[in-house]
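This is what each chain is made of:
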Amino acid sequence: MNAVSMSRRFALLAVASAAMLSACSKQEAAPAAPAAAPAAAAAPAAPAPAKVYVVGTDAAYAPFESVAPGGAIEGFDVDVVKAVAAKAGIEVKFVNTPWEGIFKTLDTGERDMVVSAVTITDERKQTMDFSEPYFNANQLIAVKDSSKVTKFDDLKKLKVGVQTGTTGDEVVQKLLGKTSTSIKRFESTPLALKELEAGGVGAVVADNGVVQHYIQNNPAAKFKSVSDASFTPEQYGIAMKKGNTELAKKVNEALAAIKADGSYDTIHVKYFGMKSTLTAAAAPAAAAPAAAPAPAPAK
Ligand code: ARG
């Protein structure tokens, strides 16, 4: 490609992204907003401007959500939600949101969805609704290569780092006691892992995908992972405001569709190098997604 066509492409890109930007900021821009209305009305086929669903995520949780060098939020969760949104015909916008207090933003209406590697738990189901599961996970222990830890019980002698209010925090509370001073709580999982590197804690307990990703991408940290049979399977879901059945229906139908048509698998392979155990298990049921909603799991 020569320099002229390159710069033409950039110019086109700039125009396109400027147009997208102005489209996105319609709701925020005060004086310009009324001017946009006649244009929208002039297009007969276009219905009222589509609602943009705001998705909250704590983007310090690679490979599920992280901030790319350019500032965009990227990751497995982002790709899944974008695919779901495309199927559902809705628009989404990701907003980086601290984990602490993230679920409250559903009730206040600041966020329409929380997609942040959120484990579906019975306790959380009391206060929010979840989509069908979109990822299988479990807890995993990170320790230094030189550590003698071989099982979860060995953590009783150590200071243990967790991200506040995560399922990792809950699991460690069960081992050490809710009020144990040996639990060191961090605002984010990367901060807990940095503290492990610095020697301030002897172990970190967090979701397997994140621990494995960190170990692979930070060889200088010299960590290894230790699993334990006591860690129960977890599943991630898209969290929505309790009672928002309209959105939940759209999301679940689209999720079933991307699981059925292979696009979910493509995303899973992109991030994890293999297909998900989730779609492998769900394959027969996915044949009739719209006909009957999945029955509640037997208790
Ligand atoms: N799966 C865990 C939980 O739901 C941890 C999720 C943390 N996510 C994040 N983006 N920091 O508690």
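Quick note: structure is the one above.
As the structure is a prediction and not an experimental result, all values here were calculated from the model. (Residues numbered from 1 in each chain as written. Predicted model: local features only at pLDDT ≥ 70, side-chain atom pairs only at ≥ 80, totals over all residues. Heavy atoms only, no water.)

1. A few points about unusual backbone geometry
Turning to step 1, where the next piece is worked out: Cis geometry is found at the peptide bond from alanine 62 to proline 63, where omega equals 5°.
Turning to step 2, where the next piece is worked out: Relative to the elements of secondary structure, proline 63 occurs in the loop between strand S2 (60-61) and strand S3 (65-67).
Turning to step 3, where the next piece is worked out: A positive phi angle is found at lysine 222, which is not glycine, with a value near 55°.
Turning to step 4, where the next piece is worked out: If you trace the backbone, lysine 222 turns up in the loop between helix H8 (208-217) and strand S13 (223-226). (Helix = DSSP H or I, 4+ residues; strand = E, 2+ residues; numbered from the N terminus.)

2. Describing the site of the ligand
Turning to step 1, where the next piece is worked out: As a structural note, the neighbourhood of the ligand is formed by 14 residues, with Asp58, Ser116, Ala117, Arg124 and Asp207 the closest of them.
Turning to step 2, where the next piece is worked out: When the free accessible area of the ligand is taken as 340 Å², the share hidden by the protein chains comes to 100%.
Turning to step 3, where the next piece is worked out: Taken together, the residues of the shell around the ligand sort by class into 5 nonpolar, 5 polar and 4 charged. (Near = heavy atom within 4 Å. Areas by Shrake-Rupley, 256 points an atom, 1.4 Å probe, with all protein chains shown as cover. Nonpolar A, V, L, I, M, F, W, Y, C, P; charged D, E, K, R; others polar.)

3. A closer look at the sheet that holds strand S12 (residues 203-207)
Turning to step 1, where the next piece is worked out: Read from one edge of the open sheet, 5 strands run S11-S10-S12-S9-S13, paired in mixed fashion. Each edge of the sheet is formed by a strand with only one pairing partner; in this case those strands are strand S11 (183-186) and S13. Taken pair by pair, the neighbouring strands of this sheet meet at an average axis angle of 30°, ignoring direction.
Turning to step 2, where the next piece is worked out: Two strands pair when backbone bridges link them, and strand S10 (residues 160-163) and S12 are joined in this way by 2 bridges, in the parallel orientation. (Pairing = 2+ DSSP bridges. Axes fitted to C-alpha atoms, helices over the stretch in contact; angles between N-to-C directions.)

4. Some remarks on the side chain of serine 66
Turning to step 1, where the next piece is worked out: Mapping serine 66 onto the fold places it in strand S3.
Turning to step 2, where the next piece is worked out: Sequence-distant contacts of serine 66, defined by excluding residues within four places in its chain, comprise Ala59, Ala72, Ile73 and Glu74. (Contact = heavy atoms within 4.5 Å.)

5. Things to note about the pairing of strand S1 (residues 52-57)
Turning to step 1, where the next piece is worked out: Within S1, 5 of the 6 residues are buried, which leaves it mostly tucked inside the rest of the structure.
Turning to step 2, where the next piece is worked out: Of the strand pairs in this sheet, S1 and strand S5 (residues 91-96) are connected by 6 bridges, and their pairing is parallel. Looking at S5, one finds that tyrosine 53 is bridged to valine 92.
Turning to step 3, where the next piece is worked out: Note that S1 and strand S6 (residues 113-114) share 2 bridges and pair parallel. (Buried < 20%, exposed > 50% of the residue type's maximum accessible area, 1.4 Å probe, protein only.)

6. Overview of the environment of valine 95
Turning to step 1, where the next piece is worked out: By secondary structure assignment, the location of valine 95 is in strand S5.
Turning to step 2, where the next piece is worked out: The exposure class of valine 95 is partly exposed, given its relative accessible area of 22%.
Turning to step 3, where the next piece is worked out: Separated by 39 residues in the primary sequence, valine 95 and glycine 56 have C-alpha atoms spaced 5.1 Å apart.
Turning to step 4, where the next piece is worked out: Not counting residues within four places of it along the chain, the set of residues in contact with valine 95 comprises Val54, Val55, Gly56, Thr57, Ile73 and Arg111.

7. Some points on the packing of aromatic side chains
Turning to step 1, where the next piece is worked out: The full count for this structure, using the stated rule, is 16 aromatic pairs.
Turning to step 2, where the next piece is worked out: Ring pairs connect the aromatic residues Tyr61, Phe64, Phe76, Tyr134, Phe135, Tyr236, Tyr264, Tyr271 and Phe272, which therefore count as one cluster.
Turning to step 3, where the next piece is worked out: Across the ring face of tyrosine 53, the terminal group of lysine 51 is positioned such that the distance to the ring centre comes to 5.1 Å. (Phe/Tyr/Trp six-rings, centres within 6.5 Å; stacked < 30°, edge-to-face > 60°. Lys NZ or Arg CZ within 6 Å of the ring centre and 35° of its normal.)

8. Describing the pattern of salt bridges
Turning to step 1, where the next piece is worked out: As enumerated under the stated definition, the model contains 10 salt bridges in all.
Turning to step 2, where the next piece is worked out: The salt bridge partner of lysine 156 is aspartate 153, with a shortest N-O separation of 3.0 Å.
Turning to step 3, where the next piece is worked out: The class of lysine 156 is partly exposed, set by a relative accessible area of 47%.
Turning to step 4, where the next piece is worked out: Classification of aspartate 153 as partly exposed rests on a relative accessible area of 38%. (Salt bridge = Lys/Arg side-chain N within 4 Å of Asp/Glu carboxyl O.)

9. Some details on helix H6 (residues 167-176)
Turning to step 1, where the next piece is worked out: Counting buried positions along H6 gives 8 out of 10 residues, so the element sits mostly inside the fold.
Turning to step 2, where the next piece is worked out: Among the residues of H6, Thr167, Gly168, Asp169, Val171, Val172, Gln173, Leu175 and Leu176 are the ones counted as buried.
Turning to step 3, where the next piece is worked out: Buried positions along H6 lie against helix H5 (122-125), strand S9 (139-144), S10, S11, S12 and strand S14 (234-236).
Turning to step 4, where the next piece is worked out: Note on H6: the residue one or two positions beyond its end, glycine 177, has a positive phi of about 100°.

10. What to know about the environment of tryptophan 99
Turning to step 1, where the next piece is worked out: Take tryptophan 99: it is sitting in the loop between S5 and helix H4 (104-108).
Turning to step 2, where the next piece is worked out: The sequence separation of tryptophan 99 and glutamate 187 amounts to 88 residues, and the corresponding C-alpha distance is 7.4 Å.

11. Structural notes on the nonpolar core
Turning to step 1, where the next piece is worked out: Within the largest apolar cluster, 34 residues are counted, with the highest numbers of intra-cluster contacts made by Val80, Met113 and Tyr134.
Turning to step 2, where the next piece is worked out: At the level of elements, S1, helix H3 (76-88), strand S8 (135-137), helix H9 (245-260) and helix H10 (263-272) are the ones that each hand at least two residues to this core.
Turning to step 3, where the next piece is worked out: The residues contacting valine 80, other than those within four sequence positions of it, are Tyr134, Leu255, Ile258, Tyr264 and Ile267. (Core = buried A, V, L, I, M, F, W, Y, C linked by side-chain atoms within 4.5 Å.)

12. Description of the packing of H3 against H9
In a pair of packed helices, the angle between the axes and the distance between the axes together describe the arrangement.
Turning to step 1, where the next piece is worked out: Across the interface, H3 lies against H9 with an axial gap of 8 Å and an inter-helix angle of 105°. Comparing the axis directions of H3 and H9 gives the class roughly perpendicular. Between H3 and H9, the residues in contact are Val80, Ala83, Val84, Lys87 and Ala88 and Lys250, Val251, Ala254, Leu255, Ala257 and Ile258, respectively.
Turning to step 2, where the next piece is worked out: Residues of the contact of H3 with H9, tallied by class, amount to 9 nonpolar, no polar and 2 charged. (Parallel < 35°, antiparallel > 145°, perpendicular 65-115°, else oblique.)

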